[in-house]
Amino acid sequence: MSALVELAEVMALLRRDCAWKADQTHLSLARYLLEETYEVVEAIESGSPDHLREELGDLLLQVYFHAAIAAEDGEYDIEDVAADLIAKLRRRNPHVFAPETVAAGLDAVGINEQWERIKATEKRRTGVMAGVPEELPALVRAVKALERLERTGRPVEDASGSSVGDRLLALAIEAHRDGLDPEQELRAAVRRLTSD
């Protein structure tokens, strides 16, 4: 039996026989999904393959947990989630799955631009920040805004103003222009500050 199939069965059993797991909802699990996501980022930055493997498993548990809840409600199951993802990957990667439909020799930048064009057509978003959660960490959200503005052809001016927010935005713009992730840069600086 595939480990992924077995995991779906284990999740169904836990939802049935474990009182705590049976009580969980999509909403009650949201905080754990966020925690596990950040733990995956921490594992990536640690450089430890074993740590990353463990944390990816914890994140995968969250996906299976949500799919099990949805299956119980008759909405969808983990197979539907996987099928939707496969269809999306096929649609958004025509250079791999339908190479005759795209220009040959796309580089990584061209592939990303193609992905974003296809995604924009599918989503039909109305504004620059449509679909970007307000709950994202502020630096991550700032980078998303910069990327979206660049894609629309709107020039990104240096942030003006003297408030702390303006100065932070100016640093996010500087990092983005230098090809750096301001969120990762700040995490690394905090680690250096607090290391013994």
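Residues numbered from 1 in each chain as written. Predicted model: local features only at pLDDT ≥ 70, side-chain atom pairs only at ≥ 80, totals over all residues. Heavy atoms only, no water.

1. What to know about the overall build of the chain
Here is step 1: When its secondary structure is counted, the chain shows 10 helices and 0 strands.
Here is step 2: Counted from the first residue to the last, the chain has its helices and strands arranged as α-α-α-α-α-α-α-α-α-α.
Here is step 3: Over its C-alpha trace the chain gives a radius of gyration of 21 Å, far above what one expects of a compact globule, namely 16 Å for 196 residues.
Here is step 4: Within the chain, buried positions represent 21% of all 196 residues.
Here is step 5: Of the roughly 13,600 Å² of accessible surface on the chain, a fraction of 58% belongs to carbon and sulfur atoms.
Here is step 6: Of the side chains in the chain, 24 bear a positive and 38 a negative charge, and the two mean positions are spaced by 6 Å. (Helix = DSSP H or I, 4+ residues; strand = E, 2+ residues; numbered from the N terminus. Rg over C-alpha atoms; globule rule 2.2 N^0.38 Å. Buried < 20%, exposed > 50% of the residue type's maximum accessible area, 1.4 Å probe, protein only. Areas by Shrake-Rupley, 256 points an atom, 1.4 Å probe, with all protein chains shown as cover. Lys, Arg positive; Asp, Glu negative; His and termini not counted. Charge placed at Lys NZ, Arg CZ, Asp CG, Glu CD.)

2. Things to note about the pattern of salt bridges
Here is step 1: In this structure the tally under the stated criterion is 9 salt bridges.
Here is step 2: Among the salt bridges present, the one from arginine 16 reaches aspartate 17, with a minimum N-O distance of 3.1 Å.
Here is step 3: Given the relative accessible area of 61%, arginine 16 is considered exposed.
Here is step 4: Classification of aspartate 17 by relative accessible area gives exposed; the value is 53%.
Here is step 5: Salt bridges here are not isolated pairs; linked through shared partners, they connect Glu45, Glu183, Arg187 and Arg191. (Salt bridge = Lys/Arg side-chain N within 4 Å of Asp/Glu carboxyl O.)

3. Overview of the nonpolar core
Here is step 1: The biggest cluster of nonpolar side chains holds 8 residues, and these are Met11, Leu29, Tyr64, Phe65, Ala67, Ala68, Ile69 and Ile78.
Here is step 2: No other element matches helix α4 (residues 49-72), which puts 5 residues into this core.
Here is step 3: Ignoring anything within four residues of it in the chain, the contact list for methionine 11 reads Leu61, Tyr64, Phe65 and Ala68. (Core = buried A, V, L, I, M, F, W, Y, C linked by side-chain atoms within 4.5 Å. Contact = heavy atoms within 4.5 Å.)

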